[in-house]
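The lines below spell out each chain.
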Amino acid sequence: METRPSSSSSLSPATNLNLDRLKVLKLLGKGATGTVFLVHDSVSDSSVSSPFALKLVDKSSASSLRRARWEIQILRRLSDDTNPNPFLPKLLASSESSEFIAWALPYCSGGDLNVLRQRQNDGVFSSSVIKFYLAEIVCALDHLHTMGIAYRDLKPENILLQESGHVTLTDFDLSCSLNKPTRPEFYHLSDPEPDPNPESNLSHNKKSLRIFRQKKKKTKSARVNPITRRRLSFSGGERSNSFVGTDEYISPEVIRGDGHDFAVDWWALGVLTYEMMYGETPFKGRNKKETFRNVLVKEPEFAGKPSDLTDLIRRLLVKDPTKRFGFWRGAAEIKEHAFFKGVRWELLTEVLRPPFIPLRDDGDLTGKVTEESGFGIKEYFEKLKTPPLPLPHECSENNPFVDF
Ligand SMILES: Nc1ncnc2c1ncn2[C@@H]1O[C@H](COP(=O)(O)OP(=O)(O)OP(=O)(O)O)[C@@H](O)[C@H]1O
């Protein structure tokens, strides 16, 4: 099978991404769209000095293929950025064959934030750890929004830890392109002179809100059936009407089918922060229907004393997106909150020491993998697709896949 390496501009370890030469080191994860492997190029990197993550998507599913193409497009935009954000991934290379579409990303050896949280005492993070991760996530979202991209899939499983302990957002297949907000306040840069008259700011806000609501009325507001409707809409205008996301993280406006914009990410940030603090999400019900009901009508419950952190969560979890923190002035509004007092936003990667640094597993990997013991990526993927996998006691000792 012939593979067609793409002409992506910023290629490093995987410059010549050739699926036939890639050997699997480890299965990293399997999602709705793709399978992610840790791989190395058996020819240019036989000593496994530069392993990388490879997301492989089977082209036989039209919707997966569409999502994959979209994700690559977003990743390419992020990589071509002249001022890339340290908390967003870089596309190393991509490749397409008649059966697969695949792309390479830097390997995040620290796993995801969900696993890390579950490893903590009581399954929660301390306030200072939350501050560290939130600051980096806010910066990443800020960068995406400034590029006109709403992420729409913020959840702990999509926040990976780099080898350095800093975060990287992953999984962009649900993101969408929106026109940059027309609310002038959103980009404080567009209005560098603070208005000396707060009253005029107020009337300005009211005017913008009126325009927003008029647009909202004009949007064809298909009421979605939250249980069954899952429509993809990748690019659109200032707002999107598609029903995407993960149940417990979905915002009220998405459930209502009202159309939504960047504020959905600030809602999800509120849910994420709550989960980091309490070890559970605020609106989880016994089933999807109850969860959605809770999202629409229930107020989050805060145990313990009110604090800057609970105040931040409360402001993010406001049901009306136009009253939600971040709606008017984007990330700038959130960064100014008392919870982030003292954070030096421009120096996050230098000043703050990450609370957890992943253990190096390179030795382990190089020790395990040789030319004979590494499996071809396609061979391994085919094997993964063949259900059912034998139970451990049924595996013969020679079964090469037993270790995965
Ligand atoms: N660069 C990476 N380094 C390490 N692990 C990764 C990397 N990228 C993805 N993974 C792992 O693979 C899993 C699946 O990846 P991803 O979320 O991109 O796939 P997906 O099919 O789009 O999933 P979803 O069902 O959430 O849409 C992640 O949750 C993570 O555990």
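Residues numbered from 1 in each chain as written. Predicted model: local features only at pLDDT ≥ 70, side-chain atom pairs only at ≥ 80, totals over all residues. Heavy atoms only, no water.

K.L.:
How should the domain arrangement of the chain be read in this particular structure?
P.N.:
By convention, interface size is frequently given as the accessible area that disappears when the constituent parts associate. Partitioning the chain into domains gives domain 1 (17-107) and domain 2 (110-180 + 238-359). Between domain 1 and domain 2 the total buried area reaches about 1,600 Å² when both faces are included, carbon and sulfur atoms providing 62% of it. Across the domain 1-domain 2 interface, the total number found is two salt bridges. Of the charged contacts in the structure, one is a salt bridge between Lys55 and Asp171, with a shortest N-O distance of 3.6 Å. Taken together, domain 1 and domain 2 are joined by nine residue pairs in polar contact (both at pLDDT 80 or more). Within the side of domain 1 that touches domain 2, the residues separate by chemical class into nine nonpolar, three polar and five charged. (Domains from an automatic or database assignment. Buried area = accessible area lost by both parts, 1.4 Å probe. Salt bridge = Lys/Arg side-chain N within 4 Å of Asp/Glu carboxyl O. Polar contact = N/O pair within 3.5 Å; in protein donor to acceptor, adjacent residues only side chain to side chain. Nonpolar A, V, L, I, M, F, W, Y, C, P; charged D, E, K, R; others polar.)

K.L.:
What's the story with the UniProt feature "binding site: ATP" in the chain in this structure? I'm lost.
P.N.:
UniProt's feature table lists "binding site: ATP" at Leu28, Gly29, Lys30, Gly31, Ala32, Thr33, Gly34, Thr35, Val36 and Lys55, given in the numbering used throughout. Spatial clustering of the annotated residues is evident: they stretch over 28 residues in sequence, but the largest pairwise C-alpha distance comes to 13.9 Å. The subset of the named residues that lines the largest pocket consists of Leu28, Gly29, Lys30, Gly31, Ala32, Thr33, Gly34, Val36 and Lys55. Positionally, Gly31 belongs in the loop between β2 (22-30) and β3 (35-41). With a relative accessible area of 44%, Gly31 lands in the partly exposed category. Its location among the elements puts Thr33 in the loop between β2 and β3. Judged by relative accessible area, Thr33 falls into the buried class, the value being 12%. Contacts of Thr33, omitting those with residues within four sequence positions, involve Val57, Ser64, Arg67 and Asp173. At 3.3 Å, the side chain of Thr33 and the side chain of Arg67 are in polar contact. (UniProt positions renumbered as here; feature names shortened; annotations may be inferred. 1 Å grid on protein atoms, 1.4 Å probe; cavity = no way out; pocket = protein on both sides within 12 Å on 5 of 7 lines; lining within 4 Å. Helix = DSSP H or I, 4+ residues; strand = E, 2+ residues; numbered from the N terminus. Buried < 20%, exposed > 50% of the residue type's maximum accessible area, 1.4 Å probe, protein only. Contact = heavy atoms within 4.5 Å.)

K.L.:
When you look at the pairing of β3 in this model, what are you seeing that I'm missing?
P.N.:
Within β3, six of the seven residues are buried, which leaves it mostly tucked inside the rest of the structure. Bridging between β3 and strand β4 (residues 52-58) involves five bridges; their strand directions are antiparallel. Bridging across to β4, Leu38 finds its partner in Ala53. (Pairing = 2+ DSSP bridges.)

K.L.:
I would appreciate a short explanation of the pattern of salt bridges in the present structure.
P.N.:
Pairing between side chains of opposite charge can happen when the charged atoms of each approach one another. For the coordinates displayed, the defined rule picks out 16 salt bridges. Between Lys288 and Asp247 there is a salt bridge, and its shortest N-O distance comes to 3.3 Å. With Lys288 in helix α7 (residues 288-297) and Asp247 in the loop between α4 (198-218) and α5 (252-256), this pair connects stretches of sequence that are 41 residues apart. Looking at Asp247, the relative accessible area reads 26%, which means it is partly exposed. Residues Asp320 and Lys323 are paired through a salt bridge, measuring 3.8 Å at the closest nitrogen-oxygen approach. Through salt bridges with shared partners, one network takes in Lys55, Glu71 and Asp171.

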